[in-house]
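Chains, contacts and geometry: an overview
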Amino acid sequence: KEIVEYVGRPIGGVSVKLLDTPGVGDGDITVAALIAMLEHELGHSSIDGVLVTNPISDGRVKLGAQVVHLVVDKGIVGGEEKWDNIILVG
């Protein structure tokens, strides 16, 4: 599994790039491996936000919460109010 990059339409004149990562919920990848993949992909760059996808029928965020916490703690998400840049999609 790998990270796939998609280029979106500009929003307010700002270019948009989406990184689709493997999900940790399917058991094929560990949280640590996913974080390492993100660090390798980004180098010393940061990202502006994270979309966390989760089946609405689960009723709670499972491993995705661990990933988001690590991504924010490691400084992968940039900005002053990092937690404001996390969006839960169910």
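That block above? That's the structure.
Reference entry: report on the structure contained in this document.

Bringing the pairing of strand β4 (residues 86-89) into the picture now. Across 4 bridges, strand β3 (residues 50-53) lies against β4 in parallel orientation. Within β4, the position partnered with V50 by the bridge is I86. Regarding topology, helix α2 (residues 63-73) serves as the crossover connection from β3 to the parallel β4, and that connection is right-handed.

All told, the structure shown has 3 salt bridges when counted by the stated rule. With its nearest N and O atoms 4.0 Å apart, the salt bridge here joins E5 to K17. Note that E5 is positioned in strand β1 (residues 4-11) and K17 in strand β2 (residues 14-20), a separation of 12 residues in sequence. For K17, a relative accessible area of 53% translates into the label exposed. Here K74 ties to E39 by a salt bridge, and the two come within 3.5 Å at their closest N and O atoms. Of the two residues, K74 is situated in the loop between α2 and β4 and E39 in helix α1 (residues 31-42); the sequence distance between them amounts to 35 residues. Looking at K74, the relative accessible area reads 47%, which means it is partly exposed. Here E39 falls in the partly exposed class, since its relative accessible area comes to 35%.

What counts, and where the lines are drawn
- Residues numbered from 1 in each chain as written.
- Predicted model: local features only at pLDDT ≥ 70, side-chain atom pairs only at ≥ 80, totals over all residues.
- Heavy atoms only, no water.
- Pairing = 2+ DSSP bridges.
- Helix = DSSP H or I, 4+ residues; strand = E, 2+ residues; numbered from the N terminus.
- Right-handed = clockwise from strand over helix to strand, strands pointing away.
- Salt bridge = Lys/Arg side-chain N within 4 Å of Asp/Glu carboxyl O.
- Buried < 20%, exposed > 50% of the residue type's maximum accessible area, 1.4 Å probe, protein only.

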